[in-house]
Amino acid sequence: MTKTRHSRRTALRAATLGVTAGGLTLAGGGATAQARTGTGRTTTFVVVTGASGNPGGIDALSLRGHRTVGVDLPGHRATDAQFALDYQCPQDPASLATRPSPMAGVGLDAYAAAAIETVRTVAEFGPVVLYGGSMGGATLNRVGNAVPHLIDRIVYDSAFCCVDLACPEDYLTTPEGSTTLAGDVAALVVADPAVIGAVRANYRTADVETLTRLKKVLMAGASDAEFHAMLAALHPDESLTVGRENSQVQPDTWGRIPRTYIRHTADRMIPLALQDRMITEADRLTPHNRFDVHTVDAGHAATAEQFRRIVEILHRLPECRR
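Reading the values: the criteria
Residues numbered from 1 in each chain as written. Predicted model: local features only at pLDDT ≥ 70, side-chain atom pairs only at ≥ 80, totals over all residues. Heavy atoms only, no water. Core = buried A, V, L, I, M, F, W, Y, C linked by side-chain atoms within 4.5 Å. Buried < 20%, exposed > 50% of the residue type's maximum accessible area, 1.4 Å probe, protein only. Helix = DSSP H or I, 4+ residues; strand = E, 2+ residues; numbered from the N terminus. Contact = heavy atoms within 4.5 Å. Pairing = 2+ DSSP bridges. Right-handed = clockwise from strand over helix to strand, strands pointing away. Axes fitted to C-alpha atoms, helices over the stretch in contact; angles between N-to-C directions. Parallel < 35°, antiparallel > 145°, perpendicular 65-115°, else oblique. Nonpolar A, V, L, I, M, F, W, Y, C, P; charged D, E, K, R; others polar.

Note that soluble globular proteins tend to have their nonpolar side chains buried in a common cluster. Among the nonpolar cores identified, the biggest contains 69 residues, and Leu-130, Val-143 and Tyr-156 are the most heavily contacted of them. Looking at which element gives the most residues to this core, the answer is helix 5 (residues 108-122), with eight residues. Setting aside chain neighbours within four positions, we find Val-143 in contact with Ala-112, Ala-115, Ile-116, Val-119, Leu-130, Pro-148 and Ile-151. Formed by 18 residues, the second largest nonpolar core is a distinct cluster that contains Tyr-131, Val-296, Phe-307 and Cys-320.

On a regular strand, each side chain points to the face opposite its neighbour's, so the side chains alternate between the two faces of the sheet. Of all seven residues that make up strand 4 (residues 153-159), seven are buried, and the element is covered over most of its length. Two strands pair when backbone bridges link them, and strand 3 (residues 128-134) and strand 4 are joined in this way by six bridges, in the parallel orientation. Paired with Gly-132 across the two strands is Tyr-156, which belongs to strand 4. Between strand 3 and its parallel partner strand 4, the chain crosses via helix 6 (residues 136-146), and the hand of that crossover is right-handed. Pairing between strand 4 and strand 7 (residues 259-264): four bridges, direction parallel. Across the sheet, residue Val-155 finds its bridge partner in strand 7, namely Thr-260.

Quick look at the packing of helix 9 (residues 208-218) against helix 10 (residues 224-232) now. For the pair helix 9 and helix 10, interaxial distance at closest approach is 11 Å and the crossing angle is 90 degrees. As judged from the angle between their axes, helix 9 and helix 10 are roughly perpendicular. Of the residues in helix 10, those in contact with Leu-211, Leu-214, Lys-215 and Leu-218 of helix 9 are Asp-224, Phe-227, His-228, Met-230 and Leu-231. Here the contact of helix 9 with helix 10 is composed, by residue class, of six nonpolar, one polar and two charged.

Of all five residues that make up strand 1 (residues 44-48), five are buried, and the element is covered over most of its length. Burial along strand 1 is two-sided: the residues Thr-44, Val-46 and Val-48 and Phe-45 and Val-47 are all buried. Inspection of the sheet shows strand 1 paired to strand 2 (residues 67-70) by four bridges, in the parallel sense. By the bridge assignment, Thr-44 is partnered in strand 2 with Arg-67. As judged from the five bridges shared by strand 1 and strand 3, these two strands associate in the parallel manner. Residue pairing for strand 3: Val-47 is matched across the bridge by Tyr-131.

This is the structure in structure tokens:
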């Protein structure tokens, strides 16, 4: 399948990469997260990866004395066969183009259910900070809508926070999203999503032109070594539907949770103007509970040096000073 056969819609679905991202019912009970927390209890950061990301915690926060745990998203677990023989070298293009994906049929309901289960498990031990980047924001939105009483703070790290519009794909088509370079990611797509049931990207390509464009989109300014290391950790297959499923936040549930947004000034995937639009929409929705906003000079994927500044922001959150 040639690159030119991929539509812009496919490119958008392949685009918002995670780099560090049944119907849900609202949990009962009127208690808030703030009411159940207590002095001396350890804060847990529950980390939701963006698209294609590898679930895991944040070691640098653990070294600061906090607990961190990554949500084991369906389709991204070690047993889910993301890395098949045809993805090794030498690669088998014919198999990559036709092999059914372990992500087939996996959508936002499954992601949210996994994150909610993790939040429920850790909530009894102290404050919970739900953290995610990029497409992981869609899951954050759903979880905040469902179990606000179990979450002390939600942190969006250059992530999608859908307020006026339904889903991340909608936001990428706005004027504020018009400068996104998301379409450049289509060069990595190696299968027809309709055939395999997912978006499959070849992050192990050695095509210099493609890698140069991808680095500009994701991690401009990083060394090649750091950029290649980031690519090596990404999963090739991602959900076909998460980016277009409704993840609008609800003012009476999500809207009562304290929230932080970390802006990335050099993000070429989710442009700064689009990040600011989502912040403005959210603050207008709940003017009594506005975003706590921080800014880092980073691309979509932060380098190690840039991420140290993000860790410092997280370490200084009110929930970490109890």
